[in-house]
Amino acid sequence: MWEPFLLAMGMLSEPMNLLVLAVGAVSGLILGALPGLFLAGLTIGMTFTFGWDAETAMFLMAGMMGAATEGGSVPAILLNIPGEAPNAATCFDGHPMARRGEAGRAVGLAAASSFLGAVVGMCFLMILIPFVKIIVLSFGPPEFFMLVVFGLLTVAYAARGNMLKGLVSAGIGVLLSLIGFSPVHGVLRFNFGSDNYLWDGIPLVPFFIGLFAIAELVNHVLRGDTIAEGGARIRVGLFGAFKGFWEVFQYKTTLVRSSAIGIFAGIIPGIGGGLANFLSYSMAVQFSKNPEKFGTGTPEGIIASEASNDAKDGGALLPTIIFGIPGSAGMAVLLGAFILHGLQPGFFFIREHMDIVFVLIFGFVIANFLASLMAAFGADILARVTTLRVGYVVPAAFLLSVGGAYAARENVWDIGIAIAAGILGFAFNRFGFSLVTLVIGFLLGVRAELSFVQSLQISAGSYAIFFTRPVTIVLMLLSILMLCLPWLSSRKGKASS
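Criteria and thresholds
Starting afresh in each chain, residues are numbered from 1 along the sequence in its written order. Where totals are concerned, whole chains, interfaces and linings use all residues; where local detail is concerned, this predicted model gives features only for residues with pLDDT of at least 70, and gives and counts side-chain atom pairs only at 80 or more. To obtain the side-chain values, all non-hydrogen atoms of the structure were included, while hydrogens and water were left out. By definition, any uninterrupted DSSP run of H or I lasting at least four residues is a helix, any uninterrupted run of E lasting at least two residues is a strand, and each is numbered from the N terminus. Remark: exposure states derive from per-residue accessible area (1.4 Å probe, protein chains only) relative to the maximum for the residue type, with buried under 20%, exposed over 50%, and partly exposed in between. Should any heavy atoms of two residues lie within 4.5 Å, those residues are counted as being in contact. In these tables, accessible area is a Shrake-Rupley quantity obtained with a 1.4 Å probe, and a residue counts as shielded only by the protein chains included in the view. pLDDT is a per-residue confidence score from the predictor, ranging from 0 to 100. For every element, the axis is a line fit to its C-alpha atoms; helices are fit only across the contacting stretch, and the angle between N-to-C directions ranges from 0 to 180 degrees. An angle counts as roughly parallel when it lies under 35 degrees, as roughly antiparallel when it exceeds 145, as roughly perpendicular when it falls between 65 and 115, and as oblique in every other case. Two helices cross in a left-handed way if the nearer one is turned anticlockwise from the farther one by less than a right angle. They cross in a right-handed way if the turn is clockwise. Three residue categories are used. Nonpolar comprises Ala, Val, Leu, Ile, Met, Phe, Trp, Tyr, Cys and Pro, charged comprises Asp, Glu, Lys and Arg, and polar comprises the others, including Gly. For our purposes a nonpolar core is just a set of buried Ala, Val, Leu, Ile, Met, Phe, Trp, Tyr and Cys residues, chained together by side-chain atoms within 4.5 Å. Salt bridges are counted wherever a side-chain nitrogen of Lys or Arg sits within 4 Å of a carboxyl oxygen of Asp or Glu. Within this analysis, the arc is defined by the directions that extend from the helix axis to the C-beta atoms. Two rings belonging to Phe, Tyr or Trp (six-membered ring only in the last case) form a pair when the distance between their centres is within 6.5 Å. Interplanar angles under 30 degrees mark stacking, angles over 60 mark edge-to-face geometry, and anything in between is tilted.

### Quick notes on the overall build of the chain
Consideration 1: A tally of helices and strands in the chain yields 23 helices and 2 strands.
Consideration 2: Counting all 497 residues of the chain, 57% fall into the buried class.
Consideration 3: Here the contacts in the chain between residues at least 6 apart in sequence split such that 79% fall between residues at least 24 apart.
Consideration 4: Accessible surface, the chain as shown: approximately 20500 Å² in total, 70% of it carbon and sulfur.

### Concerning the confidence of the model for the chain
Consideration 1: The predicted model of the chain has a mean per-residue pLDDT of 77, with 81% of residues at 70 or higher.
Consideration 2: Taken element by element, the predicted model of the chain shows its lowest mean pLDDT in helix α9 (residues 155-158) (56) and its highest in helix α21 (residues 413-430) (87).

### Thoughts on the packing of helix α1 (residues 2-12) against helix α18 (residues 354-377)
Consideration 1: Running from amino to carboxyl end, α1 crosses α18 at an angle of 50°, the nearest separation of the two axes being 8 Å. One finds that α1 runs oblique with respect to α18. Crossing hand, α1 versus α18: right-handed. Between α1 and α18, the residues in contact are Pro4, Phe5, Leu7, Ala8, Met9, Met11 and Leu12 and Met354, Asp355, Phe358, Val359, Phe362 and Ile366, respectively.
Consideration 2: Across the contact of α1 with α18, the residue classes break down as 12 nonpolar, no polar and 1 charged.

### Here we look at the nonpolar core
Consideration 1: Grouped together as the largest cluster of nonpolar side chains are 52 residues, with contacts concentrated most on Met58, Leu317, Ile321, Leu334, Phe338 and Leu360.
Consideration 2: Apart from residues no more than four positions distant in its own chain, leucine 360 is found in contact with Met58, Ala62, Leu317, Ile321, Leu334 and Phe338.
Consideration 3: Formed by 39 residues, the second largest nonpolar core is a distinct cluster that contains Val285, Ile440, Ala448 and Leu456.

### A few points about the pattern of salt bridges
Consideration 1: This model, assessed by the stated rule, comprises 4 salt bridges.
Consideration 2: One salt bridge in this structure joins arginine 105 and glutamate 102, with 3.0 Å as the shortest N-O distance.
Consideration 3: Residues glutamate 449 and arginine 189 are paired through a salt bridge, measuring 2.8 Å at the closest nitrogen-oxygen approach. With glutamate 449 in helix α22 (residues 435-458) and arginine 189 in strand β2 (residues 187-189), this pair connects stretches of sequence that are 260 residues apart.

### Thoughts on α1
Consideration 1: Along α1, the positions that sit buried rather than exposed are Pro4, Ala8, Met11 and Leu12. The arc that holds every buried residue of α1, seen down its axis, measures 100°, which confines them to one face. Away from its buried face by more than 90 degrees, α1 exposes Trp2, Glu3 and Leu6.
Consideration 2: If you follow the buried residues of α1, they end up packed against α2 (15-33), α4 (54-79) and α18.

### Considerations on the packing of aromatic side chains
Consideration 1: Per the counting criterion, the structure on display carries 13 aromatic pairs.
Consideration 2: With a centroid separation of 5.2 Å and an interplanar angle of 50°, the aromatic rings of phenylalanine 145 and phenylalanine 452 are classed as tilted. Placement of the pair is phenylalanine 145 in helix α8 (residues 141-152) and phenylalanine 452 in helix α22, with a sequence separation of 307 residues.
Consideration 3: Note on phenylalanine 452: relative accessible area 26%, which makes it partly exposed.
Consideration 4: Ring geometry for phenylalanine 428 and phenylalanine 433: centres 5.6 Å apart, planes at 50°, overall tilted.
Consideration 5: Classification of phenylalanine 428 by relative accessible area gives buried; the value is 7%.

Dropping the structure here:
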């Protein structure tokens, strides 16, 4: 273990590798801040590494991937436009904080949470490597179904305050997720007369851009003035950003819990950062002493979202390296980089290329540190965007949004999806329906259906498969606990009063 560790340290000390890592971090930060462009940029970056040493190429890939989520938090906070889908939950508290003139503090909170989440995730990666085979192989369709049920039940507390509207939102999200070709039943559902465009369902990136960005732009147009309420010029300086940076340490429990959720979600292929993001946010709401403050600009909301975002990379590297199963879209591109440089993922990868594993770990951590530092130092300049008049910001933000929606797949119909989702998001905000539960339902609906049917096929139609396996039993008990927590909290509150 120590020999590859020292070998990777030696590679990291070479000026060329450090330069490549820094270039990757800057590129990742910029691409992450531009909605829908990161994966395209990462793929282009991978092609540049052809002919390079494998280690140098991995420093570039780790630099870009490590910095991207931090970059995505900046437009989420300042403009309510998530740079990447996993930054969507950052909008809920980051943007309200920016609107009341604390944009620097919000950027500092996101920067520190991202960096610390990445450190925790990579530490767990090193600890879990000997046990990864047991963890991944213990999750079959029944376990995955119970995990999805657990995620769906989070609407029970994510929608606290108005459970009925939350459940309606989640139901609409589930229905939207069923659009497209069903691999279970072999039919095309809810295609609205289109045989091709909606085959794979509603595309995630333009849907999220519309739901969060365009809906918010409509709100800004109707409200007028500036993004920051009152239009007062914000002078946060470095103090504002570093105040947010250090404030993270007041919420250690939220940081550790959110990082753990991110790692767990990363290990299981198909969960993705988007779901980890919302699960972590919902858990933070449930366990907070002040759940009513979520959505108004509370630090816990930003920490929960960003810590899980970056911690998931540590978990997602495990199945990518050992099984060749990418835990996310970014990891799929990294898998392509492995193959491009003659690296074959699998159990032998750990034995023969442990130095590459450490190169990736060092690359992710340092890229997160550089990106957090750049975001914190640039917070003062970035925060001034919120003092610009809406008339200047909205046209540019709208072009950025529709450009991001189009760039993800270069399909002009994606712009229509983004605008339709924007109208839906605006209506939800206007009538008090929860966007959080809508997104949870959208992310989990089709996965629940697929896992449920696969489980019944394995058991020849017997439902006992969900009650006889250790992991499903544990997840079922946790789901029941989750369902009961709002009631228990209510009883506790009445007893206290």
